Amino acid sequence: MRRENTRIFEKETTGSFMNKEFIAINALLTVEQAILYLRENVRDKRNIYYVYIINEHDRLIGALSIRELLSKDSNRLVSEVKVSKIISFKTDIDQEEAVKVFRDTDLVSIPVVNENGKLIGVVHVEDILDVMQQEATEDFHRMAPVSQKLDGGLIESTIGALYRKRIVWLIILVFINVFSGAGIAHFQDVIEANIALVFFLPLLVDSGGNAGSQSSTLVIRAMATGDIHLKDWFRMFTKEVVLSMAMGFTMALAVSAVGLMRGGVTIAIVVSITMVCIVVVGSLVGMSLPFIFRRLKLDPATASAPLITSICDITGVLIYFGIANKLLNL
């Protein structure tokens with residue numbers, strides 16, 4: 001965290017990583033006076049791309065790029081030639097939101113103002129590149145999943161640190177996967193009556209997990225880039241239903257041939273129907289979990305591939321043996 005006078009800004013907000021080096025010019029100066037002021041004050045400052053125009057109360061009222069300032073009539077007031085409609089950040093803007101603003105604009109620097117509109121800092125695109133790298137690293141760790149971000153690089157981390165950061169999620173997933181075993185135990189009679197069903201179990205549940213992971217990854221990335229928002233859930237849901245059914249039928253057609261060879265027509269039908277159902281369910285689970293996490297104000301990246309795979313394993317087992325129990329009359 002950084003201080004602005006006596007104020008402490010929250011971590012991962014624009015106030016915490018803004019730069020204090022900027023050029024602010026009073027709106028009552030002429031262009032010629034502004035250029036002289038710029039020459040006198042720019043030497044010890046880095047990354048100066050714009051001059052910011054302030055009023056007598058130090059409130060930000062406009063900006064000019066250095067090129068624009070140099071091209072204006074030297075006798076005109078800065079207030080007459082300034083660009084009034086500019087983008088600025090409040091100090092409490094989350095760094096992820098700041099990344100999106102830079103991504104959507106061609107700006108190399110954006111000013112930061114306090115609650116009274118006074119100019120107190122600036123965020124450069126160089127600072128945002130560091131933030132983007134940090135956010136991407138955190139997202140990858142969550143998708144791994146790793147409970148906390150690593151301090152320093154992977155090569156510098158000790159075995160003990162890596163153990164602590166990885167073991168929590170692995171234990172949670174172990175207990176989640178217990179339900180898959182419980183589902184198999186529940187349908188023990190079905191399995192004993194037709195052992196050929198076991199051959200297709202890994203194939204089917206993995207297909208659901210893979211489809212879910214694909215959907216989740218695409219949605220998480222789209223959320224990160226601002227391509228989709230919470231209001232887009234229903235539109236994405238209907239699209240995913242059609243898409244997953246098309247993929248499910250294609251995959252069912254491919255696996256039906258194996259079903260015929262391994263267990264006959266009835267097994268082929270069971271496996272084909274299950275494939276369609278599992279791919280549809282897995283895709284919808286993978287697509288919906290990031291929306292649910294965002295609604296709960298949690299990071300969508302937490303809807304990670306291992307978590308989705310575990311959920312799809314449980315539902316896949318129940319769907320598969322439930323269909324087999326009905327169609328095989330066991």
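Residues numbered from 1 in each chain as written. Predicted model: local features only at pLDDT ≥ 70, side-chain atom pairs only at ≥ 80, totals over all residues. Heavy atoms only, no water.

## Focus on the pattern of salt bridges
Defined as follows: Salt bridges are defined as contacts in which a side-chain nitrogen from Lys or Arg sits within 4 Å of a carboxyl oxygen from Asp or Glu. Only protein chains enter the area calculation, which uses a 1.4 Å probe; residues under 20% of their type maximum are buried, those over 50% are exposed, and those in between are partly exposed.
A complete count under the given rule lists three salt bridges for this structure. Note that R76 is salt-bridged to E80, the shortest N-O span being 3.6 Å. Between D232 and K231 there is a salt bridge, with its nearest N and O atoms 3.6 Å apart. By relative accessible area, which is 70% here, K231 ends up exposed.

## What to know about the pairing of strand β7 (residues 109-113)
Test applied: Secondary structure elements follow DSSP: runs of H or I no shorter than four residues count as helices, runs of E no shorter than two count as strands, and numbering proceeds from the N terminus. A pair of strands is considered paired only if DSSP assigns at least 2 bridges between the two.
Most of β7 is tucked away: five of the five residues are buried. With burial as the criterion, each face of β7 is covered, one bearing S109, P111 and V113 and the other bearing I110 and V112. In terms of strand pairing, strand β6 (residues 89-90) meets β7 through two bridges, oriented parallel. Opposite F89, over in β7, you have V112 as the bridge partner.

## So, the sheet that holds β6
Each strand in a sheet pairs with another by means of backbone hydrogen bonds, the pair being arranged parallel or else antiparallel. Strand order in the open sheet formed by three strands is β6-β7-β8, and the pairing between neighbours is mixed. Unpaired on one side and paired on the other, β6 and β8 (119-124) mark the two borders of the sheet.

## A closer look at the packing of helix α9 (residues 196-224) against helix α11 (residues 265-295)
This is how it is decided: In this description, a line fitted to the C-alpha atoms serves as the axis of each element, helices being fitted only across the stretch in contact, and the angle between N-to-C directions of two axes falls anywhere from 0 to 180 degrees. Angles are sorted into four bins: roughly parallel if under 35 degrees, roughly antiparallel if over 145, roughly perpendicular if 65 to 115, and oblique for all others. Two helices crossing with the near one rotated counterclockwise from the far one by less than a right angle form a left-handed crossing, whereas a clockwise rotation gives a right-handed crossing. Gly is placed with the polar residues, together with every amino acid not listed as nonpolar (Ala, Val, Leu, Ile, Met, Phe, Trp, Tyr, Cys and Pro) or charged (Asp, Glu, Lys and Arg).
Closest axis-to-axis distance for the α9/α11 pair is 7 Å, and the angle between their directions is 30°. Of the possible angle classes, the one that applies to α9 and α11 is roughly parallel. Like other packed secondary-structure pairs, α9 and α11 cross with a definite hand, here right-handed. Of the residues assigned to the contact of α9 with α11, the class counts are 17 nonpolar, nine polar and one charged.

## Considering unusual backbone geometry
Positive phi, normally seen in glycine, also occurs at N47, with a value near 55°. Position of N47 among the secondary structure elements: in the loop between α2 (31-41) and β4 (50-54). Even without a glycine there, the phi angle at D58 is positive, about 65°. Looking at where D58 falls in the secondary structure, it is placed in the loop between β4 and β5 (60-65). Classification of D58 as partly exposed rests on a relative accessible area of 41%.

## Details of the nonpolar core
Note the threshold: Here, the term nonpolar core denotes a set of buried Ala, Val, Leu, Ile, Met, Phe, Trp, Tyr and Cys residues that are joined through side-chain atoms within 4.5 Å. Pairs of residues are marked as contacts when any of their non-hydrogen atoms sit within 4.5 Å.
Judged by nonpolar contacts, the single largest core of 27 residues is most densely connected at L197, F200, L204, V270, V271, Y320 and F321. Elements represented by at least two residues in this core include exactly α8 (188-193), α9, α10 (233-263), α11 and α12 (305-327). In this structure L204 touches V271, T274, M275, I278 and Y320, once residues within four positions along its chain are discounted. In terms of nonpolar packing, the next biggest core, distinct from the first, is built from 14 residues, I25, I48, L64 and V78 among them.

## Focus: the pairing of β5
Counted residue by residue, β5 has five buried out of six residues, so it is predominantly covered. Bridge count for β4 against β5 is five bridges, and the pairing is antiparallel. For Y50, the partnering residue across the bridge sits in β5 and is S65. Turn length for the β4-β5 hairpin, with the two strands adjacent in sequence and antiparallel, is five residues, and the turn residue D58 shows positive phi of about 65°.

## Details of a nonpolar patch on the surface
We count it as follows: Each patch is built from salt-bridge-free residues with over 30% relative accessible area, joining like charges within 9 Å and nonpolar side chains (Val, Leu, Ile, Met, Phe, Trp, Tyr) within 5 Å. Accessible surface area values rest on a Shrake-Rupley calculation with a 1.4 Å probe, where residue burial reflects the displayed protein chains alone.
Taken together, the side chains of L260, V265, I269, I273 and L327 present a nonpolar region at the surface, about 420 Å² in accessible area. Mapped onto the fold, L260 is located in helix α10.

## A word on α2
Formally: The arc in question is the one spanned by the directions pointing from the helix axis to the C-beta atoms.
Within α2 the residues assigned to the buried category are V31, A34, I35 and L38. What you see down the axis of α2 is that its buried residues fit within an arc of 100°, all on one side. Buried residues along α2 sit in contact with β3 (23-26), β4, α3 (66-71) and α4 (78-81).

## What about the sheet that holds β4?
Within the open sheet, the three strands sit side by side as β3-β4-β5. Their pairing is mixed. Both edges of this open sheet fall to β3 and β5, since each of them pairs with a single strand only. This sheet shows a mean twist of 35° between the axes of neighbouring strands, independent of strand direction. Against the sheet, α2 contacts β3 and β4, and its axis sits at roughly 150° relative to β3.

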